[in-house]
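Given next are the chains, with one letter for each unit.
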Amino acid sequence: MSNHLRAVRGMNDLLPADSPLWQFFESTLRGWLKSYGYRELRTPILEHTGLFKRAIGEVTDIVEKEMYTFVDELNGESMTLRPEGTASCVRAAIEHNLLFDGGKRLWYAGPMFRHERPQKGRYRQFHQFGIEALGFAGPDLDIEHLLMTARLWKLLGLSDCIHLEINSLGGAESRARHREKLIVYFQAHESELDEDAKRRLHSNPLRILDTKNPAMQALVEAAPKLMDELDEAALAHFAAVRRGLDDAGIGYKINSRLVRGLDYYNYTVFEWVTDRLGAQGTVCAGGRYDGLVQQLGGKAAPACGYAMGVERLLALLLDAGVAPPADAPDIYLVNVGEAASRFAPQAGEALRDAGFAVVLHGGGGSFKSQMKKADASGARYAMIIGDDEAVAGEVTIKPLRGEGEQQRVALAAAADLLKG
RNA sequence: GUGGUGGUAGCUCAAUUGGUAGAGUCCCAGAUUGUGAUUCUGGCUGUUGUGGGUUCGAGUCCCAUCCAUCACCCCA
């Protein structure tokens, strides 16, 4: 541990002791996704830098200072490790004409990369799971996404600690109008702005609304509201989304300051947040991005989607005391002696043929130490083979967990004995 | 990227005003020469995150650096 070889900062090893929780999470997701008819899309982890600049927005923090961008020395191209999943999905959908016969429901999962200062729930390589519904207009897919996430929290047992916040950003014209009014408003109060706000005044005035500075709360409260700029279509869309939530009995809070960090969003945006993870409380977030497909060179198509942070959800599961059982074989095969060590692999294969998970003791050792390993493995049964069993073609089966006597039987009868 | 706190055995932690680094657990062996999980006995494990400095002497004080953590920032 004291040597100089370490993982890169902010990038973590996932150890065998951690993987049962990941596997529980992933298998829960697979069943849930299937129940909504979503299909997996896998894209490369590396893309041309231009994709993210165009999709996410040149002046966002992600593009300005958080991307792992480098020049491929072999051909001079600028490459970027993906900081999020939506851009790649849309790129792939356009490239392969996935929308030629109508809308598509897609999901993806995998590592994303952002060069941020690590803290709990925020890593430089982190994992996202996300959904994109491409080619669907109208509020029905927005509603579907909110209902399905609510169902997932229930499946995971997290409903009590996650709550929903929604907002509508309206269309591009509304946002442009609002932006101008904001700039005028904040310029009139420039002396009251803090450093961050001054910096954002022209680059991203919407984000000033998000400030946590208590001294600016009153100023922000009185700022022009985006909601006042929404046109009829946007208001109707938002009303329909809210009605869908009401119909489903899902509680939510309208947060007029909720703005997403990526430029491509319009209309509905939402975040599922928790108060149990400190500053990194957003566990799932997304919204509608009707302009992105066309913006990236495809035929215009409406779309919406969301992503969730896997590490954050796993932290919540851990916090909630969810602990899937560790991996354990059905049978641990103890073998002592030369004849036994030749017979043991055959016995192992025979039991695997019958569907059992069998760990063969390796590396020799005394009978006693092998029994200790058998117990520590978590196996339900120890299968014991000594030289006398081996010569007779028999095995001794000893239950390690419950009651029951050990029995010695012919190998051919062992599977039936264990099943009965 | 900015500021605060912290790093001692695989794990959880201890070490009086600077005086040769310790316990539990884990692991290994034995008590029981073919029977685990309990008990008893014995044993192994460290460049005190790393590199410098002050000092007769540094886990302890100083500087730098790395990592973690909390907040900011950002966002999943």
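This is a predicted model, so every value here is computed, not measured.

Rules used in this analysis
Residues numbered from 1 in each chain as written. Chains lettered and ligands numbered in written order. Predicted model: local features only at pLDDT ≥ 70, side-chain atom pairs only at ≥ 80, totals over all residues. Helix = DSSP H or I, 4+ residues; strand = E, 2+ residues; numbered from the N terminus. Rg over C-alpha atoms; globule rule 2.2 N^0.38 Å. Buried ≥ 20, exposed ≤ 12 C-beta atoms within 10 Å, placed from the backbone. Contact = placed C-beta atoms within 7 Å. Pairing = 2+ DSSP bridges. Axes fitted to C-alpha atoms, helices over the stretch in contact; angles between N-to-C directions. Near = placed C-beta within 6 Å. Nonpolar A, V, L, I, M, F, W, Y, C, P; charged D, E, K, R; others polar. pLDDT = per-residue confidence, 0-100. Domains from an automatic or database assignment.

S.K.: Give me the overall build of chain A: which residues, what numbers.
M.R.: Looking only at helices and strands, chain A features 15 helices and 16 strands. A globule of 420 residues ought to have a C-alpha radius of gyration of about 22 Å, yet chain A, at 28 Å, is considerably larger. Of all 420 residues assigned to chain A, the portion counted as buried reaches 33%. Restricting to contacts in chain A with at least 6 residues of sequence separation, those with at least 24 account for 69%.

S.K.: Explain the sheet that holds strand S12 (residues 331-335) to me, using residue names and the numbers behind them.
M.R.: As summarised here, the arrangement of the five strands in space is S13-S12-S14-S15-S16, forming an open sheet in which the pairing is mixed. On the outer flanks of this sheet lie strand S13 (358-360) and strand S16 (407-410), each paired with one strand and no other. Between one strand and the next, the sheet's axes are offset by a mean angle of 30 degrees, whatever the strand orientation. Where S12 and S13 come together, three bridges link them in parallel fashion. Paired with Ile 331 across the two strands is Val 358, which belongs to S13.

S.K.: Describe unusual backbone geometry, with residues and values.
M.R.: Phi angles above zero are rare outside glycine, and Asn 97 is one such case at about 55 degrees. Judged by local crowding, Asn 97 falls into the exposed class, with 10 C-beta atoms found within 10 Å. Positive phi is not limited to glycine here, since Tyr 267 has a value of about 50 degrees. Mapped onto the fold, Tyr 267 is located in strand S9 (residues 266-273).

S.K.: Please set out the sheet that holds strand S3 (residues 69-71) residue by residue, giving values where relevant.
M.R.: The three strands lie next to each other as S2-S4-S3, forming an open sheet whose pairing is antiparallel. Each end of this open sheet is capped by a strand with a single partner; those strands are strand S2 (46-48) and S3. Averaged over all adjacent pairs, the angle separating strand axes in this sheet is 35 degrees, with direction ignored. Bridge count for S3 against strand S4 (residues 78-81) is three bridges, and the pairing is antiparallel. Across the sheet, the residue bridging to Phe 70 is Met 79, located in S4. Sitting on the sheet, helix H2 (residues 49-56) is in contact with S2, S3 and S4, with an inclination near 75 degrees to S2.

S.K.: Account for the protein's contact with RNA strand B, with residues named and values stated.
M.R.: If you check the shell around RNA strand B, you find 56 residues, and the closest are Arg 9, Gly 261, Gly 278, Gly 309 and Gly 386. It is helix H13 (residues 367-376) that provides the largest number of residues to the surface near RNA strand B, a total of seven residues. Taken together, the residues of the surface near RNA strand B sort by class into 17 nonpolar, 17 polar and 22 charged.

S.K.: Account for the confidence of the model for chain A, naming residues and giving values.
M.R.: Taken as a whole, chain A shows an average pLDDT of 92; of its residues, 99% reach a score of 70 or greater. Overall fold confidence for the complex sits at a pTM of 0.92, while the interface term, ipTM, reaches 0.89.

S.K.: Report on the environment of Met 383, specifying residues and quantitative values.
M.R.: As for its position among the elements, Met 383 is in strand S14 (residues 381-385). What makes Met 383 buried here is the crowd of 29 C-beta atoms within 10 Å. Once the C-alpha coordinates of Met 383 and Tyr 332 are considered, the two residues, 51 residues apart in sequence, prove to be 6.0 Å apart. Residue contacts for Met 383: discarding those within four places in its chain leaves Ile 331, Leu 333, Val 334, Ala 347, Val 395 and Ile 397.

S.K.: Would you mind going over the domain arrangement of chain A in detail, with residue names and values included?
M.R.: In terms of domains, chain A is made up of domain 1 (19-171 + 230-319) and domain 2 (331-419). Taken over C-alpha atoms, the centre of domain 1 sits 49 Å from the centre of domain 2.

S.K.: I'd like a rundown of the pairing of S14, residues and numbers included.
M.R.: Summarising burial for S14: five of the five residues are buried, a large majority. Side chains Tyr 381, Met 383 and Ile 385 of S14 all project onto a buried face; the interleaved residues Ala 382 and Ile 384 project onto the opposite face, where all are buried too. Judged from the five bridges that link them, S12 and S14 form a sheet pairing that is parallel. By the bridge assignment for S14, Leu 333 is matched with Met 383. Direction of pairing for S14 relative to strand S15 (residues 394-399): antiparallel, over a ladder of four bridges. Paired with Tyr 381 across the strands is Pro 399, a residue of S15.

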